[in-house]
Amino acid sequence: MPDVTVTIDGVTIQVPSGTNVVDAARMAGVAVPVFCYHPRMQPVGMCRMCLVQIGTPRLDPATRQPVLDDAGRPVIQMMPKLQTGCTTPVSEGMVVNTVADEVKFAQRGVLEFLLTSHPLDCPVCDKGGECPLQNLTMQWGPGMSRFDYNDKVHFEKPVPLGDLIYLDRERCILCSRCVRFQDELADDPVLGFDNRGRNWMIISKSDPPFDSKFSGNTTDICPVGALTSSDFRFRARVWELDSRPVVCTLCPVGCNLSLDMRYNQLMRVMPRENGAVNDIWICDKGRYGHRFVDHESRLTTPMLRRDGQLVPASWDEALALVAEKLAAVRQAHGGSAIAGLAAPRLSNEDLYAFQKLFREVLESNNLDQRIGAPGEPALDDLGALLGPGTGSDLAQLGAGTTVLVLGADPEEEAPLYVLRLRAMARRGARLLVANLRPTKLDRSASTRLRYRAGAELAFLRGLLRALSDEVGTDRLTVKSSGLDQLRRALFATSLDDTAAACGVSAADLKAAAATIASAEHLLIFYGAEARSAGPAVVETLGALLALAGKAGQSNSGLIALLPGGNSRGALDMGVRPDARPGYAPLAQPTIGARDLWNAVQGGRVRAVWVAGLDPAASLPAARAALDAAEFVVVQDLFLTETARLADVVLPAASVAERDGTYTNAERRVQRSRQARPPIGESRPDWQIVQGVAQRLVQAWVATGAPAVPAKGPKDGKGARGARGGVEVGAVAVAENGGWDYLTAADVAAEIAERVPGYAGVTYPALAATGKPGSWGRQVNEAIYYDGTNYENTEGVGIKLPSLIESGRASLNLAPLPVPATADDRPLLLIAQPLAYDGDPLLRGSRLEAHVPEPYVALSRADAERQNIRPGDIVRLASSAGELALPARVVDDLPQGVALVPANLAGVGLATVQTGPRTRVSLVKVVV
Amino acid sequence: MGLSEHIVMRELDIPAINDFSVYRQHDGWEAFADALRTKTPADVVNMVKEAGLRGRGGAGFPTGVKWGFLPKGVYPRYLLCNCDESEPGTFNNHQIIDRNPHQLIEGVAISAFAIESHTAFIYMRGEFAAAAITVERAIAQAYQAGFLGKNILGTGYDLDIYVHRGAGAYICGEETALMESLEGKIGQPRLKPPFPAVAGLYGKPTIINNVETLTNVPRILARGVAWYRSHGTEKSPGTKCFSLSGHVNRPGNYEIPFGVPLRELIESPEYGGGMRGGRPVKIIIPGGASAPWLTREHLDLPLDYESVAAAGSMLGSGAVIVLNDTVSAPHLAYKMDEFFKHESCGKCTPCREGTHWLVRVLHRMAEEGHAHPEDIPTLHGIYTQMAGNCFCLLGESAVMPIKSALRLFPQEFEAIVRQSQNGHAGKPRPAAAQHAIPLGLASRR
Ligand SMILES: Cc1cc2nc3c(=O)[nH]c(=O)nc-3n(C[C@H](O)[C@H](O)[C@H](O)COP(=O)(O)O)c2cc1C
Ligand code: SF4
Ligand code: SF4
Ligand code: SF4
Ligand code: FES
């Protein structure tokens, strides 16, 4: 948009046309106080705080040209009344005065008015100290009030708007920011107003009340202490808090958080701004789901099994025992008799060290980030191969962008992406939401595409076919093979037949293809439901991106919603049975989680090391195998089911207690800082791993037994510049197998050196913030106007290039074979990840109350056919086994689908699942 | 001297005009039929423009000009008839509906045709239960006679009229709040621009007019522009149905040409019939509660938009409230502002908080007889902080009573302060302090 010249308090600047006076003033370094206006929402002009004097050049009625004065300057005609700056767009030559006496009088007036109905209970208000009402009163308000204190109106307070948020009606200044956030940004229109005048009040309209996964954000943007969270109420005064920058590991978005600590205790979690990731928002899981760090059941000392009991031990004892036992197993049976599982929420440093220990010291490639449950889909490589390119920034995307969301439920899998996608759509992006069932994102979609359950591949082939009809294959510019096979597969059937097969009409497929073809940027999000449909589906998404000509480009690419907060990092670090760090494939297949439990039972694997995963909790086969294994090490935060079976339990430090980097879904690496010392004797996972590695290396040096790989892996492909004697970071490395990291930064420096793609991703580089922030904020300014989120001073992360972009891989377009299924059970069982699930990290948080009881959701038609009513117990039977669950009947679920939460404790999905998707039959249990 | 022929209150000429067949016998619906057959919408707009019809809802904005603001070629368009009539002292719309409903419906139909709208809504004040039935019956009769519905009189023009009853809020008479309410939302004004003519009901171009405004339209078409302009003044042509109330002998609605002096309305035996008990006039509120007050000096003021505005007030809705010397100015201001406080929608700070504060102070002064010397400057402070700063005109209107009272009768406020300071206070102070809760305890619960 063309720029407009305006003069604000004598400062003349150019601002984009369409900017409002408040924002323009901010750009000119002039502060106009606001309450109801928020830069992320439509202005409403309600609070009247931003009244300013505005004038425009007087135009000659005949020529429509500005009238000039004697000095040749345009004559400015001031408007007779003050105007609200937030609702007034700038115009050419506009003159704004924010310091005129009239303006000051009005500002004082509005503040005096607001304070007449305010309880002035700052001393006991959670917002006190970071409250825009306090701050603006100090700067613009009257020093005294003429209001008779006896005339104050009092309301009952606080009233719960839900179990997470409390409303103090006396403090509410009725700015409607909370209501508008829920309506405009979150699309959970659950708040509203009741009554009028002085009795106008905020209410929750939903059942359960304030039913939104983003509710906590309203407490940030509420310009007073009217909305407080039950999580933080009366816990601390804000000036006692020490803000520590961390990254959320609870889902793959990787929101930037501040852990606000007092005396090393977590008081509250707040968002830190990062325009490319979470903007200024976080979801309630990130905000309220970090109480686990202070939970009393955290492990604080190492434990050893003595006489069948786990008893506390020293680190020396524990590490020595682990080293000794693993050395013995390796000695007797070789490295391949040892297997390791590490959680995809651990940091890159932990995961790198873990695989390095296995590959370089123990000489085992038996690694995985899964637990071997039948429902786990194949590992995802496409998100790295074709992820959004360098320089991608979701905050910049709008008109010209097409986003396809396939088989995903972002609200549950990666909540914050709902806000990001909606913001993109609001800025003009076209949002195609394709799924077999409705999700909340449908409401924000420009096009909804509903394919038949199980017909994902047909749908995508149809879309791809329509796209190649539209643009041919000329746009395919990246290195690729298999185009002919792909074309044959696409043209084997007519578009109409494909349309009939997937249940989306040919016209809709063509329209969607046209939307994709015409896009300048193309983003494709896919979630658990898409991945459960098999690798062929995901591969086809890659072909779609490539044929659209968007492979390897900035702001275009595939984004997989993976289960762990650092799944992408775990894949990059090679915590997997089939590839080394940086996607260097292994020649020999090794034992991954899927085969592990049988291998243990068969004696091929004798020792198992589990870091941060809990296979025993949900997988009977794992429990049995761990029971039978010769030696089991578990490192975790809690004494999990798996830990209870271990020979050695090692207490790990939580995300609050250690430095680390995490790679989010779009492959942005972000740094998280240590917020406090580890509790008890717990240690960061990489340190624990190093402790064992050092002992093993020493033992082997001492005994001269097995060879110590001093120069990196023998088949050092994909791992350049091994560390033997090389200067890394500030630390000179001795001939010690490279196990002398002093800090996480040392590990990160080695990752930067040795993991392809991570070059340059060092802690100093990660600290760059690219100031000024994405919207030109001045230091701490937000606390005055926009809310209490923190500005980002610790780095906005580094976006990794995709493998295609960096020329490290080529694309195979040949369609994968689709294994035929010969199971005619009527329903498709789909495991649905929920944000509030059985994750042990929800421990101690108020979100525990939001975790549903287990259930199976059925369509009304399927339920009615068998006379199933909500709450009835139904038995799902597959070729693998049976499972009884209470039924929910969901109106908008398609027929033929049984939807079961994927990760609820005690559901035992593994007993019935035969794979990521399972065909089941359904019987009502009559009691 | 009364009108020989009324334009709006024609029940005075034709007593049974509220009967559909009687209305028809007196050429009822013929203006509409004639417009459909022989005129284009633009012809009708032009006639209304030339007649100089001005909106009777308060602002006196020229109706034809307003109709001309509709953006070209954007459809559908809606016509809204504003019958929220909630301003204290205003009661002529109610009478029009009660006694001459068919002319209103015909006016709605002609106006809808003029603005090329096929859907019109009549928004009725919630309390007008019986009137709503009357209107609905009149609409049903028009449908039956073929003046509403599809392909009216074979001309291809379609029109549906719906009646919607409000839920009892003065603010819903404000045009954009009315639209919100009609859309099923909380009745609060919208940000302008966009103005209703550009984006109104459901975001579509919308024209909103008062009941009395629309009731004029059939007569303009039937009798012609020249005849219409033969009433009233140059700038305020036609007649106005004044709602006269207060201490007059004959309160009621009187249709008189614009420009007749206030004195005649109050004193003529045909109209107000003079002051009750012959007591002197003290305060005249010429245009509903929102209008600045006039006094005895203004009795010779001609009742037209320009003259009343020149005297510093406004003709507004034409509700003339005349009060005698028994009325206390502080008490009147209190009562008036109590109304605005009660009706404030709460959306903007100055009105929501300002009316509340004004009423707290005025209640203490006027009802309890307690006042501090600072109360008078405080009252001045409150209304000056409101004036010009509110989101809509309701808040601006709330300034008028207190500002008028303090300007015209400062000594009455000073007297209360004096008495109060001298210990002559009336009733003992019913301390609001009783429900004041100590700080901290209140919030901690
Ligand atoms: C607070 C407020 C209340 C109003 N109430 C009414 C009303 O009851 N009836 C009405 O016709 N206009 C009312 N108006 C004026 C309308 O907003 C609008 O100007 C009018 O309906 C336009 O019709 P007209 O052009 O025919 O006068 C009110 C305005 C305000 C600010
Ligand atoms: S609760 Fe807070 S955000 Fe919501 S309207 Fe009140 S002051 Fe504004
Ligand atoms: S969206 Fe994901 S990363 Fe962001 S706060 Fe929520 S759980 Fe954490
Ligand atoms: S002035 Fe403000 S509070 Fe009063 S009615 Fe208008 S919008 Fe509502
Ligand atoms: S009116 Fe502009 S900030 Fe509230």
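Remember, predicted model here, so these are calculated numbers, not experimental data.

What counts, and at which threshold
- Residues numbered from 1 in each chain as written.
- Chains lettered and ligands numbered in written order.
- Predicted model: local features only at pLDDT ≥ 70, side-chain atom pairs only at ≥ 80, totals over all residues.
- Contact = placed C-beta atoms within 7 Å.
- Nonpolar A, V, L, I, M, F, W, Y, C, P; charged D, E, K, R; others polar.
- Domains from an automatic or database assignment.
- Axes fitted to C-alpha atoms, helices over the stretch in contact; angles between N-to-C directions.
- Helix = DSSP H or I, 4+ residues; strand = E, 2+ residues; numbered from the N terminus.
- Parallel < 35°, antiparallel > 145°, perpendicular 65-115°, else oblique.
- Left-handed = near helix turned anticlockwise from the far one by under 90°.
- pLDDT = per-residue confidence, 0-100.
- Pairing = 2+ DSSP bridges.
- Near = placed C-beta within 6 Å.
- Buried ≥ 20, exposed ≤ 12 C-beta atoms within 10 Å, placed from the backbone.

I tried to follow the interface of chain A and chain B on my own but got confused; where do I start?
Buried accessible area, meaning the area lost when the parts come together, often serves as the stated size of an interface. Contacts between chain A and chain B engage 37 residues on the former and 36 residues on the latter. Its residues assigned to classes, the side of chain A that touches chain B shows 18 nonpolar, eight polar and 11 charged.

Any chance you could explain the domain arrangement of chain B here in plain terms?
Residue and element names in this part refer to chain B. Looking at chain B, the domain boundaries give domain 1 (10-229), domain 2 (239-324) and domain 3 (329-431). Computed from C-alpha coordinates alone, the two centres of domain 1 and domain 2 are separated by 27 Å. Across the contact, 13 residues belong to domain 1 and 15 residues belong to domain 2. The class makeup of the residues in the side of domain 1 that touches domain 2 is two nonpolar, seven polar and four charged.

How do you make sense of the packing of helix H2 (residues 30-38) of chain B against helix H9 (residues 211-223) of chain B when you look at a structure like this?
Axis angle and axis distance: for two packed helices, these are the angle between their axes and the distance between the axes, and together they describe the pair. Residue and element names in this part refer to chain B. Two elements in contact, H2 and H9, have axes separated by 9 Å at closest approach and are oriented at 65°. As summarised for this structure, H2 and H9 are arranged roughly perpendicular, according to the angle between their axes. Handedness of the crossing formed by H2 with H9: left-handed. Residues Ala31, Phe32 and Ala35 of H2 touch H9, and the partners they reach there are Pro218, Leu221 and Ala222. Considered class by class, the residues forming the contact of H2 with H9 number six nonpolar, no polar and no charged.

Quick question: what am I supposed to make of the confidence of the model for chain A here?
Regions with low pLDDT carry predicted coordinates that are not meant to be interpreted in detail. Per-residue confidence for chain A gives a mean pLDDT of 92, with 95% of residues at or over 70. Within the model, the stretch residues 708-734 of chain A combines pLDDT values under 50 with 55 contacts to residues more than four positions away or in other chains.

Please clarify how unusual backbone geometry should be interpreted in this entry.
A negative phi angle is the norm for most residues apart from glycine, just as the trans form is the norm for most peptide bonds. Residues and elements named next belong to chain B. Across the junction of Tyr75 and Pro76, the peptide omega takes the value -5°, indicating a cis bond. One can find Pro76 in the loop between helix H4 (63-67) and strand E1 (78-83). The omega torsion of the bond from Pro193 to Pro194 falls at 0°, within 30 degrees of zero and hence cis. Locating Pro194 in the fold gives a position in the loop between helix H8 (175-182) and strand E5 (206-210). Despite not being glycine, Leu153 has its phi angle at roughly 55°, a positive value. With respect to the element layout, Leu153 can be found in the loop between strand E3 (149-152) and strand E4 (157-165).

What is the right way to look at the pairing of strand E3 (residues 51-57) of chain A in this model?
Regular strands have side chains that alternate between both faces of the sheet. Residue and element names in this part refer to chain A. Pairing of E3 with strand E5 (residues 83-84) involves two bridges; the strand directions are antiparallel. Its bridge partner being in E5, Val52 is matched across the sheet by Gln83. As paired elements, E3 and strand E6 (residues 94-97) share three bridges and run antiparallel to each other. Bridged to Ile54 within E6 is Val96. Of the strand pairs in this sheet, E3 and strand E4 (residues 76-78) are connected by three bridges, and their pairing is antiparallel. Bridge assignment links Gly55 to a residue of E4, and that residue is Met78.

Mind showing me how you'd approach the site of ligand 2 here?
Of all residues adjacent to ligand 2, which total 13 residues, the nearest are Cys172(A), Cys175(A), Cys178(A), Cys222(A) and Ala226(A). Here the residues of the shell around ligand 2 are counted per class, giving 11 nonpolar, one polar and one charged.

So what exactly am I meant to see when it comes to the site of ligand 1 here?
Residue and element names in this part refer to chain B. Looking at ligand 1, there are 24 residues lining it, with Gly55, Gly57, Gly173, Asn210 and Thr213 nearest. Where the shell around ligand 1 is concerned, the elements lending two or more residues are E5 and helix H16 (393-408). For the shell around ligand 1, the class distribution of residues is eight nonpolar, 10 polar and six charged. Two domains each provide a minimum of three residues to the shell around ligand 1, namely domain 1 (10-229) and domain 3 (329-431).

When you look at the environment of Leu167(A) in this model, what are you seeing that I'm missing?
All names here are of chain A. Looking at where Leu167 falls in the secondary structure, it is placed in strand E8 (residues 165-167). The spacing of Leu167 and Gly660 is 493 residues in sequence and 37 Å in space, taken between C-alpha atoms. Other than its neighbours up to four places away in sequence, Leu167 contacts Pro158, Val159, Leu161, Cys172, Ile202, Ala226 and Leu227.

Mind showing me how you'd approach the sheet that holds E8(A) here?
What links the strands of a sheet is backbone hydrogen bonding, and the strands pair in either a parallel or an antiparallel sense. Residues and elements named next belong to chain A. Spatially, the three strands line up as an open sheet ordered E7-E8-E11, and their pairing is antiparallel. Strands with a single pairing partner mark the edges of an open sheet, and in this sheet they are strand E7 (159-160) and strand E11 (227-229). Looking at chain direction, E8 and E11 are connected through three bridges and run antiparallel. Paired with Ile165 across the two strands is Ser229, which belongs to E11.

Help me understand the sheet that holds strand E12 (residues 242-247) of chain A, please; the structure alone is not making it clear to me.
All names here are of chain A. Read from one edge to the other, the open sheet built from three strands follows the order E12-E13-E14, with strand pairing classed as antiparallel. At either end of the open sheet lies a strand with only one pairing partner, and these are E12 and strand E14 (265-271). Between one strand axis and the next, the sheet turns by 30° as a mean value, whatever way the strands run. Relative to strand E13 (residues 256-262), E12 runs antiparallel, the two being bridged by six bridges. Across the sheet, Pro245 pairs through a bridge with Ser258, a residue of E13.

Is there a simple way to explain the domain arrangement of chain A in this structure?
Each assigned domain of chain A is listed here: domain 1 (3-99), domain 2 (119-137 + 147-234), domain 3 (239-294), domain 4 (303-370 + 573-709), domain 5 (382-560) and domain 6 (827-924). The centre of domain 1 of chain A, based on its C-alpha atoms, is set 43 Å off from the matching centre of domain 5 of chain A.

Hey, could you run me through the pairing of strand E10 (residues 201-204) of chain A in this one?
Residue and element names in this part refer to chain A. What you see with E10 is a clean split: Ile202 and Ser204 sit on the buried side and Met201 and Ile203 on the side with no burial. By the bridge criterion, four bridges tie strand E9 (residues 191-194) to E10 in an arrangement that is antiparallel. Bridge assignment links Leu191 to a residue of E10, and that residue is Ser204. Between E9 and E10, which pair antiparallel one after the other, the connecting turn spans six residues, and Asn195 there sits at a positive phi close to 65°.

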